[in-house]
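# Inside the fold
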Amino acid sequence: MSSLSGKVALITGAGGMKGVGRAVALKLASQGADIVLTDVRRPSGNLPAQEIKAGWKSIESVAREVELLGRKCLPVWCDLLVGEQIQSLIQQAATHFGHLDILVNNARAIMGEERVPITELAEEVWQRFLAINTTAAFLTIKYAGQIMIKQGTGGRIVNVASEASKRGRPRMAAYVSSKFALIGLAQCAALELAPHRITVNSVCPGSINSDRFNYGEAADAAARGMTIEQVRAEYIASVARNVPLGRIAESEDVANLVAFLASDEANFITGQAYNINGGTTFH
Ligand SMILES: NC(=O)c1ccc[n+]([C@@H]2O[C@H](COP(=O)([O-])OP(=O)(O)OC[C@H]3O[C@@H](n4cnc5c(N)ncnc54)[C@H](O)[C@@H]3O)[C@@H](O)[C@H]2O)c1
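Quick summary incoming for the structure in this document. (Residues numbered from 1 in each chain as written. Predicted model: local features only at pLDDT ≥ 70, side-chain atom pairs only at ≥ 80, totals over all residues. Heavy atoms only, no water.)

## Quick look at the overall build of the protein
To be explicit about the condition: Numbering of helices and strands starts at the N terminus; helices are DSSP runs of H or I of at least 4 residues and strands are runs of E of at least 2. As defined in this context, the radius of gyration uses C-alpha atoms, and a globule is described by 2.2 Å times the residue total to the power 0.38. Buried means the residue's accessible area, taken with a 1.4 Å probe over protein chains only, is under 20% of the maximum for its type, while exposed means over 50%, and partly exposed covers the values in between. Residues count as neighbours in contact if any of their non-hydrogen atoms are within 4.5 Å of one another. For every accessible area listed, the method is Shrake-Rupley and the probe measures 1.4 Å; residues are considered covered only by the protein chains on display. Only four residue types enter the charge count: Lys and Arg as positive, Asp and Glu as negative, with His and the chain ends excluded. In plain terms, the charge of a residue is placed at NZ if it is Lys, CZ if Arg, CG if Asp and CD if Glu.
If you tally the helices and strands in the protein, you get nine helices and seven strands. Relative to the compact-globule value of 19 Å for 283 residues, the protein shows a C-alpha radius of gyration of 18 Å, a close match. If you line up the protein on its principal axes, its C-alpha atoms span 55 × 40 × 40 Å. Put simply, the protein has 283 residues, and 52% of those count as buried. Looking at the protein alone, contacts between residues at least 24 apart form 74% of all its contacts between residues at least 6 apart. When the accessible surface of the protein is totalled, it reaches about 12,900 Å², and 55% of it is carbon and sulfur. Mean positive and mean negative side-chain charge positions of the protein (28 and 26 charges, respectively) differ by 3 Å.

Here you go:
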C-alpha cells in the first residue's frame, strides 16, 4: 500500500506546466493520494509561451496526468482573490471525496509588477500580493482546518513560502512581506491545530526553474530584442553560478520536500520553515 493511500490532497496554483503545484500533485498522486487541483483561469497574455505552444490546459491537463497515475482528481477553477470562491472550493473538495487530509498552499500572485522601490509601489499591487499570497492561505487554512478538526483524523498543511520569507530584498517589498507573513501564519496555525494532530509547515525554496510567467522578464525581453526563453536561460545560468550545489532548483525538488511534510513520517514536525535552496542560506 502506498504511503498516502486513502488521503485526499488539495493543491492551489496547480495548473502550471513546469510549476511546483503540478509537481506536488503528481508526487502526492504517485504516493496514492486522490487530488483536488485548483488554479485561476488566466488570459493567454500572461501564460508562459511554452504552455501556449504545447496547448497546455492548466489544471485540466494536470488532472489527466493524475488520472493516468490511477488516482481520482477534481479540478476546480477558483480565483483566490475572492473569499467566497475559496470557501466554496474547500467545501467542494470535501464533499466530492468525503474528506480532506492534506492542503498545500502553493499559489502566488504573478510576479513582475511589484519589482519597484516602495516609494513607487502601487497600493493595488501591494494589496493583490497580500491577498493572493497570504490572505488566501489564511482562508484555505481556516476552512480546511474546520473540516480537518471535524474529521478528527489529523491533517497536513504545507505552505510554499520562499527564501524571501526570511530575508528582505530591495524592490520586492510586496512579495517579501507576503511571504514573511506566510511563516507567521503557519506558526500560529501549527500551535492552534496541534491538539487535533494537524501539522502546519512551510517550505522556503530558492529560485526554481518553474518557467513561471513574469511581467518583468517579458518587459526585459522586449527591451533587449530577446525572447522570454533567452532571458530565462540567462537567469537560470546566473542563479546556478551562485548556488553551492551548482544548479537552480527544479519543481520536483520542492515537491519531494512537500511530500515528506505531508506524509505520516512527518507527524512530529510542525510550525517549521525548511529551506530548499542548494545551500545558499542556512537560517
Ligand atoms: N519560481 C521560483 O523561483 C520560486 C522561488 C521561491 C518560492 N517560490 C514559490 O513557489 C510557489 C510556486 O512557484 P511557481 O514558480 O511554480 O508558481 P507561479 O509563479 O507559476 O504561480 C503559481 C500559480 O499561482 C496561480 N495564481 C496566480 N494568481 C492566482 C489567483 N488569483 N487565484 C488562483 N491562483 C492564482 C498561477 O496561475 C500559477 O499557476 C509559489 O508560492 C512561489 O512563491 C517560487
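## A few points about the site of the ligand
Spelled out, the test is: When we say a residue is near a molecule or strand, we mean one of its heavy atoms is within 4 Å of it. Pairing of N or O atoms within 3.5 Å defines a polar contact, subject to two protein rules: one partner must be a possible hydrogen donor and the other a possible acceptor, and residues neighboring in sequence count only if both atoms are side-chain atoms.
Lining the immediate surroundings of the ligand are 24 residues, of which Asp39, Asn106, Arg108, Tyr175 and Ser210 lie closest. Between the ligand and Arg42 there is a distance of 2.9 Å, counted from an oxygen atom to a side-chain nitrogen or oxygen. Arg108 places a side-chain nitrogen or oxygen 2.8 Å from an oxygen atom of the ligand. Across the complex, the protein chains shield 94% of the 820 Å² of accessible surface that the ligand would expose by itself.

## Remarks on helix 4 (residues 83-97)
For an α-helix, 3.6 residues make a turn, and residues three or four places apart therefore share a direction. Using the following cut-off: One fewer than the residue count of a helix, multiplied by 1.5 Å, yields its expected span.
Taking 1.5 Å of rise per residue, the 15 residues of helix 4 would be expected to cover 21 Å, and the 22 Å separating its terminal C-alpha atoms lies within 8% of that figure. Looking at the buried side of helix 4, the elements it contacts are strand 1 (8-11), strand 2 (34-39), strand 3 (73-77) and helix 5 (123-151). One or two steps after helix 4, the chain reaches Gly98, where phi turns positive at roughly 90 degrees.

## Some points on the packing of helix 1 (residues 20-30) against helix 3 (residues 58-68)
Test applied: Note on definitions: angles span 0 to 180 degrees between N-to-C directions of axes, and those axes are lines fitted to C-alpha atoms, for helices only across the stretch in contact. Any angle from 65 to 115 degrees is called roughly perpendicular, while one under 35 is roughly parallel, one over 145 is roughly antiparallel, and all others are oblique. For any helix crossing, the convention is left-handed if the near helix is rotated counterclockwise from the far helix by under a right angle, and right-handed if that rotation is clockwise.
Contact geometry for helix 1 and helix 3: axes closest at 9 Å, N-to-C directions at 20 degrees. With respect to each other, helix 1 and helix 3 are oriented roughly parallel. As for how helix 1 packs across helix 3, the hand of that crossing is right-handed. Here Arg22, Ala25, Leu26 and Ala29 of helix 1 lie close against helix 3, whose contacting residues are Val62, Glu65 and Val66.

## Re the environment of Lys18
By the element assignment, Lys18 lies in the loop between strand 1 and helix 1. A relative accessible area of 34% places Lys18 in the partly exposed class. Beyond its immediate chain neighbours, meaning those up to four positions away, Lys18 contacts Asn209, Ser210, Asp211 and Ser251.

## Quick notes on the environment of Arg156
Checked against the element boundaries, Arg156 lands in strand 5 (residues 155-160). It is 30 Å that separates the C-alpha atoms of Arg156 and Trp56, two residues lying 100 residues apart in sequence. Apart from the residues lying within four places of it in its own chain, the contact partners of Arg156 are Asp101, Ile102, Leu103, Met148, Arg197, Thr199, Leu261, Ala262, Ser263, Asp264, Ala266 and Asn267.

## Some thoughts on the pairing of strand 4 (residues 102-105)
We apply this condition: Criterion used throughout: strands pair if DSSP finds at least two bridges between them.
Side-chain alternation along strand 4 places Ile102 and Val104 on one buried face and Leu103 and Asn105 on a second face that is also buried. Across three bridges, the pairing between strand 1 and strand 4 is parallel. Each residue of the ladder has a partner; that of Leu10, found in strand 4, is Leu103. Sheet analysis places strand 4 next to strand 5, joined by four bridges and oriented parallel.

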